[in-house]
Structure formats: structure tokens, C-alpha cells
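# Working through the structure, step by step
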Amino acid sequence: MTRKERSNWITNIENTASFIESEIGTETVNYVLEKYGAKSIEQIASSDLSEVFNELYAIEADLRSG
């Protein structure tokens, strides 16, 4: 994974996490990060970025659908 690809994943995760946090707080985002051994978005292993994003995006989609 290139530095640019990692940066794009991080940006997407940050945007999704921000929406979730604004709707229901930080606990859900923190829980997902901890499942992957990270205490912050920057600590997510490159190999886990897509899985973390997919999980957070599914939560965001549920929140948006009401």
C-alpha cells in the first residue's frame, strides 16, 4: 500500500467516524478501533484499513437510513 492510498483510507475513515460521533458519540468508533488493536485511526494497521472502513460505513449507512 502506498502512502497516498493509506492517506486516502485514513481520510475516509475519519469522515465516517466524524459522522458517527456526531450522531451517537465516540463509544462506537472506539469499539471498532479497539477490535483491530488501535486506539486511534492513525494506529490502524494498513492491512485492516478496508475492514475498519467497511464496518464504520455500515454503521453510518444505518444511521442515515433512520
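For the structure itself, consult the block above.
A brief report on the enclosed structure follows. (Residues numbered from 1 in each chain as written. Predicted model: local features only at pLDDT ≥ 70, side-chain atom pairs only at ≥ 80, totals over all residues. Heavy atoms only, no water.)

For an α-helix, the turn length of 3.6 residues means that residues three or four places apart are oriented alike. Three or more residues of helix 2 (residues 27-35) are buried, namely V29, V32 and L33. The buried residues of helix 2 occupy an angular sector of 100 degrees when projected down its axis, which confines them to one face. Exposed residues lying more than 90 degrees from the buried face of helix 2 are E27, Y31 and E34. Buried residues along helix 2 sit in contact with helix 1 (3-24) and helix 3 (49-65). The positive-phi residue at the C-terminal boundary of helix 2 is G37, with phi of around 75 degrees. (Buried < 20%, exposed > 50% of the residue type's maximum accessible area, 1.4 Å probe, protein only. Helix = DSSP H or I, 4+ residues; strand = E, 2+ residues; numbered from the N terminus. Arc of directions from axis to C-beta. Contact = heavy atoms within 4.5 Å.)

Moving on: the environment of N8. With respect to the helices, strands and loops of the structure, N8 is situated in helix 1. Placed 42 residues apart in sequence, N8 and S50 show a C-alpha to C-alpha distance of 11 Å.

When you line up the elements, E60 lands in helix 3. Relative accessible area serves as the criterion here: at 10%, E60 is assigned to the buried category.

Along the chain, V52 falls in helix 3. When the C-alpha atoms of V52 and N15 are compared, they prove to be 13 Å apart, with 37 residues separating the residues in sequence. With sequence-adjacent residues up to four places away left out, V52 is seen in contact with I13, V32, L33, Y36 and I44.

It is worth stressing that arrangement in space is one thing and function is another; only the former is reported here.
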